[in-house]
Amino acid sequence: MLDVLDRISGKWAVSILLRTSSGPVRFTELERSLRGISRRMLTLNLRNLERDGLIVRTVYPTVPPKVEYTATEMARELYGSLAGLTSWAVRHRDTVAAAREAYDQRRHIDVPP
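Residues numbered from 1 in each chain as written. Predicted model: local features only at pLDDT ≥ 70, side-chain atom pairs only at ≥ 80, totals over all residues. Heavy atoms only, no water.

(A) Up close: the overall build of the protein. Looking only at helices and strands, the protein has five helices and three strands in total. Along the chain direction, N to C, the helices and strands of the protein fall in the order α-α-β-α-α-β-β-α. The C-alpha radius of gyration of the protein comes to 18 Å, more than 25% above the 13 Å expected for a compact globule of 113 residues. Summarising its shape, the C-alpha atoms of the protein cover approximately 65 × 30 × 25 Å along the three principal directions. (Helix = DSSP H or I, 4+ residues; strand = E, 2+ residues; numbered from the N terminus. Rg over C-alpha atoms; globule rule 2.2 N^0.38 Å.)

Written out as structure tokens, the structure is:
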């Protein structure tokens, strides 16, 4: 169970699953929409999600080859939970940042030099 949760809760996996749940997406579209991800990291995440049955990779016989990624039915079932989690994180981002800062300040004061 934990290995499945680890896979779908990864920083990039959530974004990829949310993006592919709305329909087919090409690699370059994903790359542009996921700011900060390297091509290698995107490729690794896509392969892992495909291996886990969460996305489907479709290659069209064109020159150059056209490749699209789409969330499977199983992944689309996750969409509501992932969208809710993402929305929660956005709503509470400032509160969490303030809590971290307060904690760090307390720890700095409590810890002798």
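Further notes follow.
(B) Quick peek at the nonpolar core. In this structure, Leu17, Leu42 and Leu46 are the most contacted members of the largest nonpolar core, which totals 22 residues. Top element by residues in this core is helix H2 (residues 11–20). It accounts for six residues. (Core = buried A, V, L, I, M, F, W, Y, C linked by side-chain atoms within 4.5 Å. Buried < 20%, exposed > 50% of the residue type's maximum accessible area, 1.4 Å probe, protein only.)

(C) Quick peek at a nonpolar patch on the surface. Together, Leu85, Trp88 and Val96 make up an exposed nonpolar region whose accessible area comes to about 280 Å². Relative to the helices and strands, Leu85 resides in helix H5 (residues 73–110). (Patch = residues over 30% accessible without salt bridge, like charges linked within 9 Å, V, L, I, M, F, W, Y side chains within 5 Å. Areas by Shrake-Rupley, 256 points an atom, 1.4 Å probe, with all protein chains shown as cover. Salt bridge = Lys/Arg side-chain N within 4 Å of Asp/Glu carboxyl O.)

(D) Local environment of unusual backbone geometry. Here Val63 and Pro64 are connected by a cis peptide whose omega angle stands at -10 degrees. Counting through the fold element by element, Pro64 comes out in the loop between strand S2 (55–60) and strand S3 (66–71).

(E) Structural detail: the environment of Ser87. Checked against the element boundaries, Ser87 lands in helix H5. Measuring from C-alpha to C-alpha, the distance between Ser87 and Glu73 comes to 22 Å, with 14 residues separating the pair along the chain.

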